[in-house]
Amino acid sequence: MSVDTLSRAACRHQLRQARRALSPEQQKQAAIGLARHLPDHTLVQHAQSVALYIANDGELDPHLLAEVLHTRGKRLALPVLHPFHSQHLLFLEYLPGQPMRTNRYGIPEPDLDKTRVVPMAELDLILLPLVGFDNAGNRMGMGGGFYDRTLGCLDMGARPQLIGLAHECQRVDQLPVAPWDVPMDAIATAEGLIDLAG
Ligand SMILES: Nc1ncnc2c1ncn2[C@@H]1O[C@H](COP(=O)(O)OP(=O)(O)O)[C@@H](O)[C@H]1O
Ligand SMILES: [Mg+2]
């Protein structure tokens, strides 16, 4: 492994430990805070179709946010492991509370029903989980590169807005960035949206 690969792995390990160390009460308060402020943000108000995720491994939990957005008439989607395109994601329409199955990473996902596929071109906004972020909007994921691959195929002008959801403990001064990493347009925490440099 190169020094950079090692430093990315060490950084990822440390940040995953920090978010897993948050208590259930801290997680609950963070989920409430996010659901309170994010629906009123312009980027979210302007979006009709919004992808989010089922929280795992200490990630900031968007399930309360999903309920608010559903009540406000947004069309919601969740990522599933792409059945044909290795290490890519596919988005499926989601109704909060619908039955789910567990994928090979132990993460709940909707049943693969092709009538519920939401093409990327119809997504206005994607709320992404992350392991770490910096003030330039760089994102570190779990190390699979799934979002990078899925979003990297898109033409920049046509791609949905990207907001990374994070706990404050996931912020670092400067992340080691690779050429394939897709940066976020904004980062949202329980307290609000972070002003990105540049
Ligand atoms: N657009 C892409 N095309 C090809 N390989 C990619 C792409 N994006 C990521 N990868 C591969 O996926 C691996 C994990 O990416 P990385 O950015 O480290 O993970 P994550 O974004 O989950 O933190 C990398 O080693 C890289 O080889
Ligand atoms: Mg990446």
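Basis of the calculations
Residues numbered from 1 in each chain as written. Chains lettered and ligands numbered in written order. Predicted model: local features only at pLDDT ≥ 70, side-chain atom pairs only at ≥ 80, totals over all residues. Heavy atoms only, no water. UniProt positions renumbered as here; feature names shortened; annotations may be inferred. Axes fitted to C-alpha atoms, helices over the stretch in contact; angles between N-to-C directions. Helix = DSSP H or I, 4+ residues; strand = E, 2+ residues; numbered from the N terminus. Parallel < 35°, antiparallel > 145°, perpendicular 65-115°, else oblique. Left-handed = near helix turned anticlockwise from the far one by under 90°. Contact = heavy atoms within 4.5 Å. Nonpolar A, V, L, I, M, F, W, Y, C, P; charged D, E, K, R; others polar. Buried < 20%, exposed > 50% of the residue type's maximum accessible area, 1.4 Å probe, protein only. Phe/Tyr/Trp six-rings, centres within 6.5 Å; stacked < 30°, edge-to-face > 60°. Expected span 1.5 Å × (residues − 1). Donors = N, O, S within 2.8 Å, 3.2 Å for Na, K, Ca; no water. Pairing = 2+ DSSP bridges. Near = heavy atom within 4 Å. Polar contact = N/O pair within 3.5 Å; in protein donor to acceptor, adjacent residues only side chain to side chain. Areas by Shrake-Rupley, 256 points an atom, 1.4 Å probe, with all protein chains shown as cover.

The name an unreviewed UniProt entry assigns to the protein is 5-formyltetrahydrofolate cyclo-ligase, from the organism Ferrimonas balearica. Quoted straight from UniProt, the Cofactor (unreviewed entry) entry for the protein says "Mg(2+)".

Another aspect to go through is the packing of helix H2 (residues 24-37) against helix H4 (residues 63-71). A pair of packed helices can be characterised by two numbers: the angle between their axes and the separation between those axes. For the pair H2 and H4, interaxial distance at closest approach is 7 Å and the crossing angle is 25 degrees. Between H2 and H4, the angle falls in the class roughly parallel. Judged by the twist between their axes, the crossing of H2 over H4 is right-handed. Within the contact between the two elements, H2 uses Ala31, Ile32, Leu34 and Ala35 and H4 uses Leu64, Leu65 and Val68. Residues of the contact of H2 with H4, tallied by class, amount to seven nonpolar, no polar and no charged.

For Arg19, the location among the structural elements is in helix H1 (residues 3-20). Since its relative accessible area comes to 0%, Arg19 is described here as buried.

Moving on, we get to the packing of aromatic side chains. What the rule picks out here adds up to one aromatic pair. Aromatic side chains Tyr105 and Phe146 sit 6.0 Å apart centroid to centroid with 80 degrees between the ring planes, which places their arrangement in the edge-to-face category. With Tyr105 in the loop between strand S4 (101-102) and strand S5 (108-109) and Phe146 in helix H5 (residues 146-152), the pair connects residues that are 41 residues apart, well separated along the chain. Here Phe146 falls in the buried class, since its relative accessible area comes to 14%.

Here the focus is H2. A rise of 1.5 Å per residue sets the reference length of H2, with its 14 residues, at 20 Å; its end C-alpha atoms lie 20 Å apart and thus fit the reference within 8%. Those residues of H2 not exposed but buried are Gln27, Ala30, Ala31, Gly33, Leu34 and Ala35.

Taken together, the protein donors to the magnesium ion (ligand 2) comprise Asp148 (OD) and Asp181 (OD), at separations of 2.0 Å. Linking Asp148 in helix H5 with Asp181 in the loop between strand S9 (161-165) and strand S10 (186-188), this pair joins segments that are 33 residues apart in sequence.

A few words now on the sheet that holds strand S6 (residues 125-129). In space, the seven strands of this open sheet follow the order S3-S2-S1-S6-S9-S10-S11, with mixed pairing throughout. In this open sheet, the two strands that pair with only one neighbour each are strand S3 (89-94) and strand S11 (193-194). In this structure, S9 lies alongside S10, joined through three bridges in parallel fashion. Its bridge partner lying in S10, Gly164 is registered against Ile187.

Attention now moves to the UniProt feature "binding site: substrate" (unreviewed entry) in the protein. As annotated in UniProt, the feature "binding site: substrate" (unreviewed entry) corresponds to Ile54 and Glu59 in the numbering used here. Among the structural elements, Ile54 can be located in the loop between strand S1 (49-51) and H4. The class of Glu59 is buried, set by a relative accessible area of 8%. Setting aside residues no more than four positions away along its own chain, Glu59 makes contact with Arg19, Gln27, Tyr53, Ile54, Pro129 and His167.

We now examine the site of ligand 1. Close to ligand 1 lie Arg8, Arg12, Met140, Gly141, Met142, Gly143, Gly144, Gly145, Asp148, Arg149, Trp180 and Asp181, which account for all nearby residues. The backbone of Gly141 places a nitrogen or oxygen atom 2.7 Å from an oxygen atom of ligand 1. When the free accessible area of ligand 1 is taken as 560 Å², the share hidden by the protein chains comes to 68%. Contributing elements (two or more residues each) for the shell around ligand 1: H1 and H5.

The element S9 is largely enclosed, with a buried count of four among its five residues. By the bridge criterion, five bridges tie S6 to S9 in an arrangement that is parallel. Looking across to S9, one finds that Leu125 is bridged to Gln161.

In this section: the environment of Thr102. Relative to the helices and strands, Thr102 resides in strand S4. With relative accessibility at 55%, the residue Thr102 sits in the exposed group.

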